[in-house]
Amino acid sequence: MKVFKVYKHNTKGYAAVKVGFSWPALFFSAFWCLIKGFFFLFLFFLIVNWALILYALILEINLTKYGNIMSNEVFAWYAANSLGVLIVSLILLFIPGFKGNAWLDKKYIKKGYALVESIPAISKKAAIELINTKAKESATYEKDKTQDDFQTNPNIINKKAYVEAYEEIKEYENEDNS
């Protein structure tokens, strides 16, 4: 079962974010950023990914075109650059997967959402429903409290004692005046 952080906004309602790795962010990094409203990250991943693809294509074209006449040092440089492009591409591929849900957490907090609870659930919708159910049960419990439950509150007891003492003093004053 997955764990979700459920956030609540006063006017927008509830939102849930899965804790941990984000598979959609891994597979659709730039477009996932666009859909989730991270426009700067969308542009960053789009531009960097296209730049890496273009650079890899230039390396490949030069390698196939001039590979026969290259010295070993130049060939090794091309191979190292190709390996470097592959490593940077893989790192950029995994960053949204590992950081995507944390980015969403920060986004919701910046937009005025408050963390209600982290809760295990099957899906985002189920997590929000569980929180709604808990909130309704809590509200029902508060409504069902009897008058006796409220008398245990020290403020209410003190107020009641003051009222009784005041009424008793009034009675004594009325007896003295009679």
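What you see is a predicted model; the values in this text were computed from it and never measured.

Q: Which residues make up the sheet that holds strand 3 (residues 114-121), and what are the values?
A: By definition, the strands of a sheet pair up through backbone hydrogen bonds, in either a parallel or an antiparallel sense. The 3 strands lie next to each other as 2-1-3, forming an open sheet whose pairing is antiparallel. Because the sheet does not close on itself, it has two edges, and the strands there are strand 2 (13-18) and strand 3. Neighbour-to-neighbour, the strand axes of the sheet open up by a mean angle of 25°, direction not taken into account. By the bridge criterion, 6 bridges tie strand 1 (residues 2-9) to strand 2 in an arrangement that is antiparallel. When the sheet's bridge partners are listed, Phe4 is paired in strand 2 with Lys18. Here helix 4 (residues 72-110) sits on the sheet and contacts strand 1 and strand 2; the angle it forms with strand 2, its principal contact strand, is near 160°.

Q: Got a sec to walk through the environment of Ser118? Specific residues and values, please.
A: Along the polypeptide, Ser118 turns up in strand 3. Under the relative-accessibility criterion, Ser118 is labelled partly exposed at 39%. For the pair Ser118 and Tyr7, spaced 111 residues apart in sequence, the C-alpha separation works out to 9.0 Å. In contact with Ser118, not counting residues within four places along its chain, are Val3, Phe4 and Lys5.

Cut-offs used in this document
- Residues numbered from 1 in each chain as written.
- Predicted model: local features only at pLDDT ≥ 70, side-chain atom pairs only at ≥ 80, totals over all residues.
- Heavy atoms only, no water.
- Pairing = 2+ DSSP bridges.
- Helix = DSSP H or I, 4+ residues; strand = E, 2+ residues; numbered from the N terminus.
- Axes fitted to C-alpha atoms, helices over the stretch in contact; angles between N-to-C directions.
- Contact = heavy atoms within 4.5 Å.
- Buried < 20%, exposed > 50% of the residue type's maximum accessible area, 1.4 Å probe, protein only.

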